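A closer look at the structure
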Number of protein chains: 2
Amino acid sequence: MKCSIPKGTRDFLPSEMARRNYIFDTIRDVFKAFAFEPIETPSLENLSTLMGKYGEEGDKLLFKVLNSGDFMKDVDFSADYRHVAPQICERGLRYDLTVPFARFVVQHRDQIVFPFRRYQLQPVWRADRPQKGRYREFYPCDADMIGSDSLMGELELVQMIDEVFHRLGINVTVKINNRKILAGIADIIGAPERLTDITVAIDKLDKIGLEAVREELRERGLSEAQVSALDPVFALDGDAKQKLESLRSLFADSATGLLGVDECSTLFDMITAAQPRCTVELDLTLARGLNYYTGAIFEVKANDVAMGSICGGGRYDNLTGIFGLPGVSGVGISFGADRIYDVLTELDRFPATLEQSARVLFINFGTTEQAYCIRWATELRRRGIPTLIYPEAAKPKKQMEYANRRGVAYVVFVGDQELADGTLTLKDMATGQQLTLPAQEAIDRLS
Amino acid sequence: MKCSIPKGTRDFLPSEMARRNYIFDTIRDVFKAFAFEPIETPSLENLSTLMGKYGEEGDKLLFKVLNSGDFMKDVDFSADYRHVAPQICERGLRYDLTVPFARFVVQHRDQIVFPFRRYQLQPVWRADRPQKGRYREFYPCDADMIGSDSLMGELELVQMIDEVFHRLGINVTVKINNRKILAGIADIIGAPERLTDITVAIDKLDKIGLEAVREELRERGLSEAQVSALDPVFALDGDAKQKLESLRSLFADSATGLLGVDECSTLFDMITAAQPRCTVELDLTLARGLNYYTGAIFEVKANDVAMGSICGGGRYDNLTGIFGLPGVSGVGISFGADRIYDVLTELDRFPATLEQSARVLFINFGTTEQAYCIRWATELRRRGIPTLIYPEAAKPKKQMEYANRRGVAYVVFVGDQELADGTLTLKDMATGQQLTLPAQEAIDRLS
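Treat the numbers as computed from the prediction; the structure is a model and nothing was measured. (Residues numbered from 1 in each chain as written. Chains lettered and ligands numbered in written order. Predicted model: local features only at pLDDT ≥ 70, side-chain atom pairs only at ≥ 80, totals over all residues. Heavy atoms only, no water.)

1. Regarding the overall build of chain A
Short version of the rule: Runs of E in the DSSP output that reach at least two residues are strands. Runs of H or I that reach at least four are helices, and both are numbered from the N terminus. Only the C-alpha atoms count toward the radius of gyration. The rule for a globule is 2.2 Å times the residue count to the power 0.38. Under the scheme applied here, a residue whose accessible area is under 20% of the maximum for its type counts as buried, over 50% as exposed, and between as partly exposed, the area being computed with a 1.4 Å probe on protein chains only. Pairs of residues are marked as contacts when any of their non-hydrogen atoms sit within 4.5 Å. Exposure was quantified through the Shrake-Rupley algorithm and a 1.4 Å probe, taking into account, for residues, occlusion by the shown protein chains and nothing else. In this tally, Lys and Arg are treated as positive and Asp and Glu as negative; His is ignored, and so are the chain termini. Every charge is mapped to an atom, namely NZ of Lys, CZ of Arg, CG of Asp or CD of Glu.
Looking only at helices and strands, one finds 18 helices and 18 strands in chain A. Taken over the C-alpha trace, chain A has a radius of gyration of 29 Å; the compact-globule value for 447 residues is 22 Å, which it surpasses by more than 25%. Looking at chain A as a whole, 58% of its 447 residues qualify as buried. In chain A, the share of contacts with a sequence separation of at least 24, taken over all contacts with a separation of at least 6, comes to 66%. Of the accessible surface of chain A, which amounts to about 18,300 Å², a share of 47% is contributed by carbon and sulfur atoms. In chain A, the 54 positive side-chain charges and the 64 negative ones have mean positions that sit 5 Å from each other.

2. Observations regarding the sheet that holds strand β11 (residues 296-302) of chain A
Residues and elements named next belong to chain A. What counts here: Strand pairing is assigned whenever DSSP identifies at least 2 bridges connecting the two strands. To obtain an axis, a line is fitted to C-alpha atoms, over the contacting stretch when the element is a helix, and the angle between two such axes runs from 0 to 180 degrees between their N-to-C directions.
Ordered in space as β1-β5-β8-β13-β12-β11-β9-β10, the 8 strands form an open sheet in which the pairing is mixed. On the outer flanks of this sheet lie β1 (37-38) and β10 (279-282), each paired with one strand and no other. In terms of strand pairing, β1 meets strand β5 (residues 116-121) through 2 bridges, oriented parallel. When the bridges of β5 are listed, P38 appears paired with Y119. Strand contacts of helix α7 (residues 179-188): β9 (172-178) and β11, with the helix running at about 50° to β9, the strand carrying the most contacts.

3. Considerations on the side chain of E369 of chain B
All names here are of chain B. The criterion, for reference: We define a salt bridge as a side-chain nitrogen of Lys or Arg found within 4 Å of a carboxyl oxygen belonging to Asp or Glu.
You can see E369 is positioned in helix α16 (residues 367-382). Although E369 lies buried, it forms no salt bridge, and the closest oppositely charged side chain, R375, sits 15 Å away as judged by the N-O distance. Leave out the neighbours within four places in its chain, and E369 touches V414, G415, D416 and L419.

4. Side note on the pattern of salt bridges
Taken as a whole, this structure holds 68 salt bridges over all chains when the rule is applied. Here D128 of chain B makes a salt bridge to R134 of chain B, at a shortest N to O gap of 3.8 Å. Judged by its relative accessible area of 36%, R134 of chain B is partly exposed. One salt-bridge network, in which partners are shared between bridges, spans D162, E163, R167 and R277 of chain A together with R382 of chain B.

5. What about the relation of the copies chain B and chain A?
What relates the two chain copies is a rotation about an axis together with a slide along it. Threshold: What sets the superposition is a least-squares fit of C-alpha atoms, and only residues with pLDDT of at least 70 in both copies go into it.
The transformation that overlays chain B on chain A combines an axial shift of 0.0 Å with a rotation of 180°, and the residual RMSD is 0.0 Å. In short, the pair behaves as if placed about a two-fold rotation axis. When C-alpha positions in chain B are compared against the rotation axis, the closest is assigned to V65 of chain B, at 2.2 Å.

6. Digging into the packing of aromatic side chains
Residues and elements named next belong to chain A. Cut-off, in case you're wondering: Only Phe, Tyr and Trp rings are paired, with Trp represented by its six-membered ring, and only when their centres lie within 6.5 Å; those with planes under 30 degrees apart are stacked, over 60 edge-to-face, the remainder tilted. Definition used: whenever NZ (Lys) or CZ (Arg) falls within 6 Å of the ring centre and also within 35 degrees of the ring normal, the charge is taken to sit over that ring.
Evaluated as defined, the whole model comprises 27 aromatic pairs over all chains. Between F31 and F335 the ring centres are 5.9 Å apart and the planes differ by 55°, which places this aromatic pair in the tilted class. Here F31 is found in helix α1 (residues 14-33), whereas its partner F335 is found in strand β13 (residues 330-336), with 304 residues between them in sequence. Comparing F31 with F335, the two get one shared label, buried. Ring pairs connect the aromatic residues F31, F36, Y119, F165 and F335, which therefore count as one cluster. Positioned above the aromatic ring of Y135 is the side chain of R10, whose terminal nitrogen or guanidinium carbon lies 3.4 Å from the ring centre. Residue placement shows R20 over the ring face of F12; its charged tip is 3.8 Å from the ring centre.

7. So, the interface of chain B and chain A
Going by this rule: Here's the idea: put two parts together, see how much 1.4 Å probe accessible area each one loses, and the total over both is what we call buried area. Definition of a polar contact: a pair of N or O atoms within 3.5 Å, with one able to donate and the other able to accept a hydrogen when the atoms are protein atoms, and with sequence-neighbouring residues admitted only if both atoms are side-chain atoms. In the scheme used here, Gly and all other residues not listed as nonpolar or charged are polar, with Ala, Val, Leu, Ile, Met, Phe, Trp, Tyr, Cys and Pro taken as nonpolar and Asp, Glu, Lys and Arg as charged.
Each partner contributes residues to the interface: chain B has 101 residues there, and chain A has 101 residues. Roughly 8,600 Å² of surface becomes buried between chain B and chain A when both sides are summed, with 61% attributable to carbon and sulfur atoms. For the pair chain B and chain A, the interface holds 10 salt bridges. R406 of chain A serves as the salt-bridge partner of E37 of chain B, at 3.7 Å between the closest nitrogen and oxygen. Here chain B is connected to chain A by 32 residue pairs in polar contact (both at pLDDT 80 or more). Sorting elements by how many residues they give to the side of chain B that touches chain A places helix α6 (residues 152-168) of chain B first, with 7 residues. The residue makeup of the side of chain B that touches chain A, split by class, is 53 nonpolar, 23 polar and 25 charged.

8. Points about unusual backbone geometry
In this model, F114 of chain A is joined to P115 of chain A through a cis peptide bond whose omega is -5°. Summarising the element assignment, P115 of chain A is placed in the loop between α5 (98-107) and β5.

9. Topic: the domain arrangement of chain A
All names here are of chain A. Going by this rule: Residue ranges labeled as domains rest on an automatic or database domain assignment.
Along its sequence, chain A is organised into domain 1 (14-43 + 94-347), domain 2 (45-93) and domain 3 (356-446). Computed from C-alpha coordinates alone, the two centres of domain 1 and domain 2 are separated by 31 Å. Overall, the association of domain 1 and domain 2 removes approximately 1,200 Å² of surface from exposure, summing both partners, and the carbon and sulfur fraction of that is 69%. By the criterion of area lost to domain 2, the three top residues of domain 1 are Y95, V99 and A127, representing 44% of everything that side buries. Ionic pairing is found between E45 and R103, a salt bridge with its closest N-O pair at 2.8 Å. In this structure, the connection of domain 1 to domain 2 is made through 4 residue pairs in polar contact (both at pLDDT 80 or more). Element by element, the count of residues in the side of domain 1 that touches domain 2 is highest for α5, at 3 residues.

10. Digging into the packing of α16 of chain B against helix α19 (residues 439-446) of chain B
Residues and elements named next belong to chain B. The condition that has to hold: When an angle is under 35 degrees it counts as roughly parallel; over 145 it counts as roughly antiparallel; between 65 and 115 it counts as roughly perpendicular; any other value is oblique. Handedness of a crossing follows from how the near helix is turned relative to the far one, being left-handed for an anticlockwise turn of less than a right angle and right-handed for a clockwise one.
It is the contact of α16 with α19, at a shortest axis distance of 10 Å, that shows an interaxial angle of 40°. It follows from the interaxial angle that α16 and α19 lie oblique. The interaxial crossing formed by α16 with α19 has right-handed handedness. Touching Y372, W376, E379 and L380 of α16 are A439, Q440, I443 and L446, all from α19. The residue makeup of the contact of α16 with α19, split by class, is 6 nonpolar, 1 polar and 1 charged.

11. Notes on the pairing of β9 of chain A
Residue and element names in this part refer to chain A. Counting buried positions along β9 yields 7 of 7 residues, so the element is predominantly enclosed. With 7 bridges joining them, β9 and β11 adopt antiparallel strand pairing. Note that in β11 the partner of N178 across the bridge is A296.

12. Some thoughts on the side chain of E299 of chain B
Residues and elements named next belong to chain B. Topologically, E299 is positioned in strand β11 (residues 296-302). Taking relative accessible area as the criterion, E299 reaches 14% and is therefore assigned buried. Setting aside residues no more than four positions away along its own chain, E299 makes contact with T173, V174, K175, L286, R288, S309, C311 and G312.

Now the structure itself:
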């Protein structure tokens, strides 16, 4: 029987687990330092909770789970498969952490302390076409603060981004925009209803250049006058503060735009005062997740590696509205562990110590020695020192090979002399030096 | 829209997460101290990997995932649903951690260092009827050592069980049996082919008593002579050592039985020498997982709570055989996190400190004070101290209520005086005492 796993899924070997856990642990530690609290939701949600929340494309990409028992009873299989699927599948796999979080907040609102700060590190599943860096099972790391519209939320998320990437040793730039500024831009060219068309086009400025963006705007039906009206926006110059001041005059007739400038301006002041170590920029082309973001929009890129966004997020004013709890504002971010893994690999910046899943190996010379080794290995293990005893009295060469492959720091030898004297002989695998010590003293040294 | 989750699944609130993580972390720490290495496998496996591995009942309880796109193409829906399901579902959800582990070992045998010691903490899914303590998504914690038939494996698993429950503060009894001893019993009554019938009946001795076991054996077709031949087994007396010696004479004509006695006897000697803190007993009625265990069988029960098994395992000689790699012996255990949770709840033995997801809260008196608070909160957070700043200048009463509900140890006040003097005023929430200190000194005290 041939062994394989489904397309787009992955096994993780111990060496990969060590690196992945290093990323997860770092992110989790920062979430904890900012007093976010963990929650978990089921992998299976009712399909009715998920359908219609991610657009038509999302509905297609949801993994649906077949009903147990006779799923075919009373089902009309002559209908289109899209109509049959929800009849034979009541449940689907979690598609992101945001919709289940919204459901969770509404369902448990009486048990939650607001403002509620939650983090969640659980896999999600999408029936996307697998490709480099895109998997069908992957692990977003989300933190959200819900139940307050204070810009302190935005500030703390930027500080968390700063702290995570500082700890990981990755230089990043946080790009910030505001949905209300984008709305203001649509306002001033007299096309507020074309917000999506405009932002989709502007979003491509980096990739295709100004002329192509203009062309796309024309193709999307904007008049020449409207396209030209965008010129002052593209011409904005200076740092965030200066750009925002220029926008303020451009937005004289857009209340929404002015509100966006105010929010963004206050946020940049707060960020500057907090002295983050990363670069923070205003990026008016940023339109990520426009569907549900209503205020700030964030995106993070690594400075020294060509890679897409490694973290993103924003403010949403009505996430729980879909589940019947309106008026709860929140702000959240999501770290992309898989891309961060790729960045750290490319920068070769994983700590060297991650590989060491065993610190000490006791060489096994036979039953009597083994019993003596067990006693002292137990002592080390109770102290939490990762310790191995080779399970049988194999040839010393084989045992030493195993020690090398497991990357232990010390090998311990116990022969007649050690048994008689109550000692242990340690070999430092890095230097090759050997040292015989009274057993208890040896244990202290190994700890 | 009503919010709900599928039957048999659960949301975990922060307080539950803290308790669950305490259990997972304890188990993981012990696995690490014994130098087991983590792996992870995909939640989705090819259905062909899973089907036929868990018996007919298991095939029914597998969650099957509907193929993407037009799953109905070329499928004959007039067939029985059991035949249709595998045609419209190529993938299924992980049902346990054992079969995926076997697949993993075979698939990655060239990248693995044998003897391979792996642990795995991931959810599994079963379409079981939900009931108290039984969920459709649950979290076994497995450790296995594969590629050695040394009894050191069995010993280390018992030591790990001892260490986990010692750290958790649960008094347990580890019950040990051996498949070969059960085979020996079947041998001596002249019914080696009735091994399953015999063990299923004997397994009930505790619950239904000796007479009912005899009756069941008769019902299962054993002759009166065969049932009587079991009498000496039921009459065994004394500790493990003594029982094993009696079995040795009973098994004079069963080579398998004698092998079982030898293995068990050596293991008990090793365990005694290792001085575990838990109770370890020989239990000849233990028949758990007989389908694939070939040597030692373990089961763990809490001494002070009436609850089913909270951990179990055993030796299997041919786990990877189903995937084409025969002759690899292994031994493993699985901790049941959900039942351990229930035991700790009933014993009220969760550490009190688990609830504290925030240590410090800075009260927010307005913009100027807030900026000063951000500076010092950042200092605490960089040190890893879970710290909150109330996000807006709400009424102090409301902020103090939030501090109480989040269970912080200290509240920090910053007013005009503190701003002018460069100090922080700390309130110890347990004692109510207040103290004003130079800011840096206050931060050191809070750390």
